[in-house]
Amino acid sequence: MTARDTILASIRRALGVTGREAPRRQAVADRLKEHPRGVVPARGQLPQPERLALFRAMVEAAAGTVEDVRADDVPGAVARFLRAHNLPMAIRRGADPRLAALPWDRERTLAVTTGASRGGDLAAISHAFGAAAESGTLMLTSGADNPTTLNFLPDTHVVVVAAADVAGDYETLWQRLRERLGAAVPRNVNLITGPSRSADIAQTLILGAHGPRRLHVLVVGGH
Amino acid sequence: MTLRATSPAFKENVREALSDVQLQKALGGGLGFTEQRRRAAEKLPEFEALRDSARDIKNHTLAHLDLYLEAYEERVVATGGQVHYAVDAEAARTIILDICRTAAAKTVTKGKTMIAEEIGLNDFLEQNGVVPVETDLGEYIIQIRHETPSHIIAPAIHLNKEQVEEDFRRVHTHLPPDRNLSEPATLLAEARAILREKFLAADVGITGANFLVAETGSSIIVTNEGNGDLTQTLPKIHIVLATIEKLVPTLEDAAQLLRVLARSATGQEMAVYTTLSTGPRRPDDPDGPAQYHVVILDNGRSAMLGGEFQDMLRCIRCGACMNHCPVFNAIGGHAYGWVYPGPMGAVLTPSLIGVDQAGHLPNASTFCGRCEEVCPVRIPLPRMMRSWREREFERHLSPATVRSGLAVWAFFAKRPRLYGLATGIAARALSLAGIFTGRLRWLPLASGWTRYRDFPVPQGATFQSQWKRRKR
Amino acid sequence: MAEPEPDGGRKTEGRPKRVGLFVTCLVDLIRPSVGFAAAKLLEDAGCVVEVPLQSCCGQPAFNSGDRATTREIAEAVITAFAPYDYVVAPSGSCAGMLKTHYPELFHGDPNWPPKAESFADRTFELVSFLVDVLGVEKVSSRLDEQTPPRHATYHDSCAGLRELGVKAQPRKLLAGIAGLMLTEMRDPDVCCGFGGTFCVKYADISNAIVGRKVDNIAATGADLLLAGDLGCLMNMAGRLQRDGKPIAVRHVAEVLAGMTDLPPIGERSTGRRPTR
């Protein structure tokens, strides 16, 4: 008997079932198919302007920073942010077409490179799949468009999110993920809420534990 | 065998813990998590409803665990991952070592996982020529101290910053000895730099899983640091180590549990990084592991199904119970002697290593009920500790003196008239003994009390005898 | 059997409520004045109080895992208190045992569940009975108004709080007493470390817990400690006195009934004690 058989048999014996019972199999199939929502907090169930305001407040409560910008001003906003924090004018991005289409050449002093990070980048920019206003959480998906390493290795992470993609709750995001990506679930889905932190040393909270110490969110199209 | 337990030596452990000045200082301020949890719960009107939902989801999953496990496995394989089953700790260690050996791995980075503690993974890997590096800051600190975690989410909570500085100076000998390490921020910066190198050099990354999602074949990890993500993204191989009860059916179910997890643990709305991982990198991905292995471990969980302790399998390892426990706050986590401390440890440990080994743990409780009050999945912890006490009583595992004392008391308690006679005698005798001050500094058979407290003596005759006289 | 009231007690249709006083083993043995204070409060509120022959609620056996002995004791208690409209105990811990755990003991038994449920429905902790069932808003007790107000603090015993929801009721009645000022301690709802046999079995831990509690008590500046459970009170008094802290300790029933002429717990004389 394989370990798999042993464990399944042990579970079935303890529950007093064979595993072939139709009602149980149906209950499981139904739940996986219907994925019922459960309790969704009223907090994020707002019309778009209030939802965006909530999103901004929650990002800031999680020690992130947030700005509303027009799409064509994203490069300018990035340059301003880096300058304001005395950071080198260099940023790395993935192949995301929405980022590729931005007028980066308007910022001559900003050096933009593309691809995954190998640890040498101090700043990176990603485009989020969406966001949840209820907790100021960004959803990012892995792949060539927005490599996962850009979310974690650089010191500063700038994330662009379309205002229309800021949902009230996580459930809306899961549903969108299913609809837009279908069976092609990405290797990683990152839900990011603020910059990296730790309170492991003397219960003192410090930002930038292993991931970015700065998270700057640019909301595009949210007026 | 799993990690060796010192739980039988609980009383000695407690004595050490109570006289440990540094530990008492660290615990003395109270664990700030309790106030934070209270605030987070207040800010979310649906919090109580979410607790009910979380409990129900876990119950449903456990009742159908075999089927969800099969569905989960099918999805993992369909998305390019590999599933390995391990009945016990030894099997799990062997599987993991084999994967490391096949990959000719020299260093392994690790995200925080209590299961790895349970199976004694680090020592085993080291003995077999593979170097494991803990990357969670608290875990890294205790690793270099050769200690075990004292709390399931804040492993180094028992240490102060001076101790951490001492350890960093002792171990990071390649750095200038006169460098400033007086503040937590400088300590963190040093750890970050050192671990960054390890992240980039690792051949294999091992994480645990807060949840395994059957619908998508995904594992979910929750961290504030981002170490779990660097552990699972940079190396060529990602191994997930998880026990069977981590399963949840769908993404929506995971969201219900995530909403109560961080709030119960640290009072955060959400942890900084909640990451869903499904299979290895896709063909066009510029980063990510080439292989994704999930090691699914039983190690005593299936035996808990269908029995008195099944509810304990709902636990989502938030740590709220121990944060609120007056016993844990007095003695810290190491005194419990094994992997899991506090109330959840008191209930789970006897199931996993036997009540004969861990018998003290469910007994060292006042049943104040704070743990159950804050448990996000409403586990009736005091009731289950009492169940363990019943098992011990049936098996005559309590000390003979305790058992016979109880038997004498029970003899009288079951006979109220005799009880009244006996208590009348005791009341008068003790009252006389304390006639001058009203209290005793020493009482035979109750030295545990009088070692630390005076004992207030009875006022005189018993209430029932006085009441009878009054009413005549 | 008489019909139940909305609060679980028996309909009394104009006649005074008959209350069976479950005095508790600690009150019976150590501090009968608490029992007399409870009886006075109930009689002042219009009840007829009786005390059937009793020993203990059975918690020592229950918490030691001896379910069989616990059941025997429970059967005797339920039978002894069957005649009463209500069962009232000056202890959250004992009332919690009777109200929440007795029915558990008889799960699956063919005969006892209805008796246990009816008994549990009729059982209350003293102060919550006065406020929630009898609707008492104010007691007639007053402390000496010639001297500055007595400065008191109140400890929430665990079982009363978490099993029975006793928190606002004692504070409500204490607030109405002229000459008494109440200050909340830090963490009033955190355990005092008594826990029944725990305090002798794990005395070291119990001592560490009560140490924090007495620090919190002393920090309020109060000179009077009140609570609704004698076990907790003895534990805290014992440590306060060992530490030489001049804080008097009483059961809340004694203060509510105006019976503060007797010495506080662990003392032989009334009034303020000189520091050791």
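Residues numbered from 1 in each chain as written. Chains lettered and ligands numbered in written order. Predicted model: local features only at pLDDT ≥ 70, side-chain atom pairs only at ≥ 80, totals over all residues. Heavy atoms only, no water.

Helix and strand counts for chain C come out as 13 helices and 8 strands. Taken against the 2.2 N^0.38 rule, which gives 19 Å for 276 residues, the C-alpha radius of gyration of chain C at 19 Å falls within 12% of a compact globule. If one aligns the C-alpha atoms of chain C with their principal axes, the spans along those axes are about 60 × 45 × 30 Å. Counting the 276 residues in chain C, one finds 62% classified as buried. For chain C, the accessible area works out to roughly 9,700 Å², and carbon and sulfur atoms hold 53% of it. Between the averaged position of the 31 positive side-chain charges in chain C and that of its 34 negative side-chain charges there is a distance of 5 Å. (Helix = DSSP H or I, 4+ residues; strand = E, 2+ residues; numbered from the N terminus. Rg over C-alpha atoms; globule rule 2.2 N^0.38 Å. Buried < 20%, exposed > 50% of the residue type's maximum accessible area, 1.4 Å probe, protein only. Areas by Shrake-Rupley, 256 points an atom, 1.4 Å probe, with all protein chains shown as cover. Lys, Arg positive; Asp, Glu negative; His and termini not counted. Charge placed at Lys NZ, Arg CZ, Asp CG, Glu CD.)

Moving on to the packing of aromatic side chains. Tallying each qualifying case throughout the model produces 21 aromatic pairs over all chains. Ring geometry for Tyr 140 of chain B versus Phe 168 of chain B: centroids 6.2 Å apart, planes at 65 degrees, classification edge-to-face. With Tyr 140 of chain B in helix H9 (residues 137-144) and Phe 168 of chain B in helix H10 (residues 161-171), this residue pair connects regions lying 28 residues apart in the sequence. Looking at Phe 168 of chain B, the relative accessible area reads 0%, which means it is buried. Taken together, the ring pairs in this structure connect Phe 10, Phe 328 and Tyr 336 of chain B together with Phe 198 and Tyr 202 of chain C into an aromatic cluster. Above the plane of the ring of Phe 124 of chain C lies Lys 99 of chain C, whose end atom (NZ or CZ) is 4.2 Å from the centre. Over the face of the ring belonging to Trp 112 of chain C we find Lys 115 of chain C, whose NZ or CZ atom lies 4.3 Å from the ring centre. (Phe/Tyr/Trp six-rings, centres within 6.5 Å; stacked < 30°, edge-to-face > 60°. Lys NZ or Arg CZ within 6 Å of the ring centre and 35° of its normal.)

The subject of this paragraph is the interface of chain A and chain B. Many descriptions give the size of an interface as the accessible area lost when the pieces come together. Listed by partner, the interface residues are 75 residues for chain A and 95 residues for chain B. When chain A packs against chain B, close to 6,900 Å² is buried across both sides, 59% of that on carbon and sulfur atoms. Where chain A meets chain B, there are 11 salt bridges. Linking Arg 31 of chain A and Asp 253 of chain B is a salt bridge whose minimum nitrogen-to-oxygen distance equals 2.8 Å. Here chain A is connected to chain B by 46 residue pairs in polar contact (both at pLDDT 80 or more). Mapped by element, the contributors of at least two residues to the side of chain A that touches chain B are helix H1 (3-15), helix H2 (22-34), helix H6 (149-152), helix H7 (170-181), strand S9 (188-192), strand S10 (197-198) and strand S11 (206-207) of chain A. (Contact = heavy atoms within 4.5 Å. Buried area = accessible area lost by both parts, 1.4 Å probe. Salt bridge = Lys/Arg side-chain N within 4 Å of Asp/Glu carboxyl O. Polar contact = N/O pair within 3.5 Å; in protein donor to acceptor, adjacent residues only side chain to side chain.)

Let us now look at the interface of chain B and chain C. Every contact between the two is made by 67 residues of chain B and, on the other side, 69 residues of chain C. A buried area of about 6,100 Å², summed over both sides, lies between chain B and chain C, and 59% of it is on carbon and sulfur atoms. Among the residues chain B hides against chain C, the three largest losses belong to Arg 453, Gln 459 and Phe 463 of chain B. Together they make up 13% of the total. Across the chain B-chain C interface, the total number found is 7 salt bridges. Two residues, Arg 67 of chain C and Glu 390 of chain B, come together in a salt bridge whose shortest N-O distance is 2.7 Å. Inspection of the region where chain B meets chain C yields 30 residue pairs in polar contact (both at pLDDT 80 or more). The biggest single contributor to the side of chain B that touches chain C is helix H22 (residues 416-433) of chain B, with 7 residues.

Time to look at the environment of His 396 of chain B. By the element assignment, His 396 of chain B lies in the loop between helix H20 (381-394) and helix H21 (400-413). With a relative accessible area of 51%, His 396 of chain B lands in the exposed category.

With that settled, consider the state of the cysteines. Residue and element names in this part refer to chain B. For the structure shown, the criterion picks out 0 disulfides over all chains. Between Cys 318, a cysteine without a disulfide, and Cys 375, which holds the nearest cysteine sulfur, the sulfur-to-sulfur distance is 6.4 Å. Residue Cys 318 is classed as buried on the basis of its relative accessible area, which comes to 6%. (Disulfide = S-S within 2.5 Å.)

Our next topic: the pairing of strand S10 (residues 291-297) of chain B. On a regular strand, one side chain projects to one face of the sheet and the next to the other, so that they alternate. Residue and element names in this part refer to chain B. Of all 7 residues in S10, 6 are buried; the element is thus mostly enclosed. Direction of pairing for strand S1 (residues 82-86) relative to S10: parallel, over a ladder of 5 bridges. Residue Ala 86 lies in a different strand from S10, and its bridge partner there is Leu 297. Summarising the sheet, strand S7 (residues 237-243) and S10 pair through 7 bridges and their orientation is parallel. From the neighbouring strand, Thr 243 faces S10, where its bridge partner is Leu 297. (Pairing = 2+ DSSP bridges.)

Before going further, it helps to spend a moment on the sheet that holds strand S7 (residues 224-227) of chain C. Consider a sheet: its strands pair through backbone hydrogen bonds, and that pairing is either parallel or antiparallel. Residue and element names in this part refer to chain C. If you walk across this open sheet you meet the 4 strands as S6-S5-S7-S8, and the pairing is parallel. A single partner strand is all that each edge strand has here, and the edge strands are strand S6 (180-182) and strand S8 (248-251). Within the sheet, the average angular offset between the axes of one strand and its neighbour, ignoring direction, is 35 degrees. (Axes fitted to C-alpha atoms, helices over the stretch in contact; angles between N-to-C directions.)

Glancing now at the arrangement of the chains. Out of 2 pairs of chains that touch, the pair holding the most contacts is chains A and B. Across the gap from chain A to chain C, with no contact made, the nearest C-alpha atoms are 21 Å apart.

Residues and elements named next belong to chain C. Here the domain parsing of chain C yields domain 1 (18-133) and domain 2 (150-256). For domain 1 and domain 2, the distance between their C-alpha centroids amounts to 22 Å. The contact between domain 1 and domain 2 buries some 1,800 Å² in all, and 71% of this surface belongs to carbon and sulfur atoms. Between domain 1 and domain 2 we count 1 salt bridge in total. With a closest N to O distance of 2.8 Å, Glu 254 and Arg 31 form a salt bridge. (Domains from an automatic or database assignment.)

Residues and elements named next belong to chain C. Counting buried positions along strand S5 (residues 150-154) gives 4 out of 5 residues, so the element sits mostly inside the fold. Looking at chain direction, S5 and S7 are connected through 3 bridges and run parallel. Looking at the pairing, Ala 152 lines up with Leu 224 of S7.

What follows is about the side chain of Asn 207 of chain C. When you line up the elements, Asn 207 of chain C lands in helix H11 (residues 203-219). In this structure the side chain of Asn 207 of chain C is engaged in a polar contact, spanning 2.6 Å, whose partner is the side chain of Arg 239 of chain C. Setting aside residues up to four positions removed in sequence, Asn 207 of chain C forms contacts with Tyr 452 and Arg 453 of chain B together with Arg 239 of chain C.

Residues and elements named next belong to chain A. Spatially, 6 strands are ordered S1-S12-S7-S4-S2-S3 in an open sheet, and the strand pairing comes out parallel. One side of each edge strand has no neighbouring strand; the edge strands of this open sheet are strand S1 (65-69) and strand S3 (111-114). Across this sheet, the average inter-strand angle for adjacent strands is 25 degrees, counted without regard to direction. Note that strand S7 (residues 156-162) and strand S12 (residues 214-220) share 7 bridges and pair parallel. Bridging from a neighbouring strand, His 157 pairs with Leu 215 of S12. Where helix H3 (residues 48-61) meets the sheet, it contacts S1, S7 and S12, and its direction lies at approximately 145 degrees from that of S1. Sheet contacts for helix H4 (residues 74-84): S1, strand S2 (90-93), strand S4 (123-127), S7 and S12; angle to S12, the most-contacted strand, approximately 155 degrees.

A word on H22 of chain B. All names here are of chain B. Between its first and last C-alpha, H22 extends 25 Å over 18 residues, near the 26 Å set by a 1.5 Å rise per residue. Looking at H22, one finds that the buried residues are Tyr 419, Thr 423, Gly 424, Ala 427 and Ser 431. Seen from one end, H22 has its buried residues packed into an arc of 135 degrees, which puts them on one side. Pointing more than 90 degrees away from the buried face of H22 are the exposed residues Leu 421, Ile 425, Leu 432 and Ala 433. (Expected span 1.5 Å × (residues − 1). Arc of directions from axis to C-beta.)

Core analysis: the largest hydrophobic core is formed by 136 residues, its most contacted members being Met 312, Ile 331 and Tyr 340 of chain B together with Ile 205 of chain C. Among the elements that line this core, the one with the most residues is helix H13 (residues 251-265) of chain B, at 8 residues. Apart from residues no more than four positions distant in its own chain, Tyr 340 of chain B is found in contact with Met 114, Ile 115, Glu 118, Ile 152, Arg 301, Arg 317, Gly 345, Leu 348, Thr 349 and Leu 352 of chain B. (Core = buried A, V, L, I, M, F, W, Y, C linked by side-chain atoms within 4.5 Å.)

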